[in-house]
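Residue-level structural notes
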Amino acid sequence: MTNSREILPDVYWLYEEGPDRSGMIEAMEPIPDWYDPDDPVYIPQCAYLIDGAEHSLLFDTLSPASTEHVLAELDALLDEPLEYLVVSHPDVPHAGNAPAIMAEHGAELVAPRYGDDHELYRLDDALLVGEGDSIDLGSFVVDFHEATFLDAPVSLWMSERTEEMLFPVDWLGFPHHASEQLRFVDELEHDLDGTRLLQFHGRVLFWHQYVDVDKVQREIDRLKRYYDPAWILPSHGLVIRDDALAYMDQLKGVVEEIQRRERIGTLG
Ligand SMILES: [Fe+2]
């Protein structure tokens, strides 16, 4: 089951729920107060479509479970074929529909210039971008960045200037209830707290177990100053449009907590 939401004029959030993760929350001690056993829990896949005045761009593709959904959304939302397809990193939930979208739209493939072995991922013909590169879409301008917190060497982050959006890919992901699908974080009944952030970062960005916590916390401060986003659009969470810096700050405590524990598990 997938869906989408227009989050700003001409900016669309494409969503894929994935499997029910309730067991992950039920195993927590104590069970967090936001959890409702009658409401499934998802850690979604998200992709974002920006339909600029001049050009259109899709950031990530969802997983192959959503091929029909993504193609149908692009048909419904765009008047012309998609022009730029950005893959944040060559991981199936992020890039898995790239071949189908390229076949249908003939978009220019945009990929991280970081890491190597691009040919293994069939990214050697892509437009390779990183820090200092941007694409002007008309009413929006996107900038590309080296990913600070990542799960693959071939990775990038993206930001957008007009609306001050940050797309931090696997950073700032978190679980939510089925009833909270496609809601902004400020629309939730229970605020986004560290228990949700811990479940994602402890499993996916598990290497936080081995980092220098002070250094990571200083890096988070640097990211706040550098990006100062009004919006955070994560690949595995809900969109934040209010108090974005406060949620970046919450990760400081989450990193400390990840170090205090044994590894909490994986994300299958
Ligand atoms: Fe991911």
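Note that the structure is predicted; figures quoted are calculated from it, not measured.

Counting its regular elements, the protein contains 7 helices and 14 strands. For a compact globule of 268 residues, the expected C-alpha radius of gyration is about 18 Å, and the protein comes in at 18 Å, within 12% of that figure. Across its three principal directions, the C-alpha atoms of the protein cover 50 × 40 × 35 Å. Taking all contacts inside the protein whose residues are at least 6 apart in sequence as the whole, residues at least 24 apart take part in 66%.

This part covers unusual backbone geometry. Residue E29 is joined to P30 through a cis peptide bond whose omega torsion reads 0°. Among the secondary structure elements, P30 is positioned in the loop between helix 1 (22–26) and strand 3 (41–42). Of note in the backbone geometry, R122 takes a positive phi value of approximately 55° without being a glycine. Of note, R122 is situated in the loop between strand 7 (108–112) and strand 8 (127–129). In this model, L172 sits at a positive phi of 65°, which is unusual for a non-glycine residue. Residue position: L172 is located in the loop between strand 12 (165–167) and strand 13 (176–177).

What follows deals with helix 4 (residues 98–105). Residues of helix 4 that are buried: A98, I101 and H105. Down the axis of helix 4, the buried set is contained in an arc of 70°. They therefore lie on one face. Here the buried face of helix 4 lies against helix 2 (67–77), strand 6 (84–86), helix 3 (92–95) and strand 7. Note on helix 4: the residue one or two positions beyond its end, G106, has a positive phi of about 60°.

With that out of the way, let us pick up the packing of helix 5 (residues 194–201) against helix 7 (residues 244–260). At a minimum axis distance of 9 Å, the contact between helix 5 and helix 7 shows a crossing angle of 55°. Here helix 5 lies oblique to helix 7, going by the angle between them. Considering how the two elements wind past one another, helix 5 and helix 7 form a crossing that is right-handed. When helix 5 is examined against helix 7, the residues G194, L197, L198 and H201 are found in contact with a partner set consisting of Q250, L251, G253, V254, E257 and I258. Classifying every residue of the contact of helix 5 with helix 7 by side-chain character gives 5 nonpolar, 4 polar and 1 charged.

Before going further, it helps to examine the packing of helix 2 against helix 4. Running from N to C, helix 2 and helix 4 point in directions that differ by 35°, and their axes come no closer than 10 Å. Considering the relative orientation of helix 2 and helix 4, their crossing is right-handed. Counting all contacts with helix 2, which are made through T67, V70, L71 and L74, the residues of helix 4 involved are A100, I101, E104 and H105.

Quick look at the pairing of strand 2 (residues 11–16) now. Buried residues dominate strand 2, accounting for 6 of its 6 residues. Where burial is concerned, the two faces of strand 2 agree: the one with V11, W13 and Y15 and the one with Y12, L14 and E16 are both buried. Where strand 2 lies against strand 4 (residues 45–51), 6 bridges are found, and the strand directions are antiparallel. For E16, the partnering residue across the bridge sits in strand 4 and is Q45.

Here the focus is the sheet that holds strand 9 (residues 134–136). Taken in spatial order, the 5 strands of this open sheet run 9-10-11-12-14, and their pairing is mixed. Looking at the sheet topology across the chains shown, the edges are occupied by strand 9 and strand 14 (231–232). In this sheet, strand 11 (residues 156–160) lies alongside strand 10 (residues 141–146) in antiparallel orientation, the contact comprising 5 bridges. Its bridge partner lying in strand 11, H145 is registered against W157.

Turning next to the nonpolar core. By size, the foremost hydrophobic cluster in this structure holds 74 residues, and its most contacted members are L14, Y48, L57, L85, V86 and F167. Residue contributions to this core peak at 7 residues, all from helix 7. Residues in contact with Y48, not counting those within four places in the same chain, are V11, Y12, W13, F59, F167 and L233.

Turning to the pairing of strand 10, a few remarks are in order. Every other side chain in a regular strand lies on the same face of the sheet, so the side chains alternate between the two faces. Both strand 9 and strand 10 contribute to a ladder of 3 bridges, which runs antiparallel. Opposite S134, over in strand 10, you have D143 as the bridge partner. Here strand 9 folds back onto strand 10 in antiparallel fashion, the turn holding 4 residues, of which G138 has a positive phi close to 105°.

This part takes up helix 5. By the criterion of burial, helix 5 is predominantly enclosed, with 7 of the 8 residues buried. Restricting attention to buried positions, one finds in helix 5 the residues T195, R196, L197, L198, Q199, F200 and H201. Among the structural elements, helix 1 and helix 7 are those in contact with the buried residues of helix 5.

What counts and what doesn't
Residues numbered from 1 in each chain as written. Predicted model: local features only at pLDDT ≥ 70, side-chain atom pairs only at ≥ 80, totals over all residues. Helix = DSSP H or I, 4+ residues; strand = E, 2+ residues; numbered from the N terminus. Rg over C-alpha atoms; globule rule 2.2 N^0.38 Å. Contact = placed C-beta atoms within 7 Å. Buried ≥ 20, exposed ≤ 12 C-beta atoms within 10 Å, placed from the backbone. Arc of directions from axis to C-beta. Axes fitted to C-alpha atoms, helices over the stretch in contact; angles between N-to-C directions. Parallel < 35°, antiparallel > 145°, perpendicular 65-115°, else oblique. Left-handed = near helix turned anticlockwise from the far one by under 90°. Nonpolar A, V, L, I, M, F, W, Y, C, P; charged D, E, K, R; others polar. Pairing = 2+ DSSP bridges. Core = buried A, V, L, I, M, F, W, Y, C linked by C-beta atoms within 7 Å.

All quantities given are derived from atomic positions and should not be read as evidence of function.
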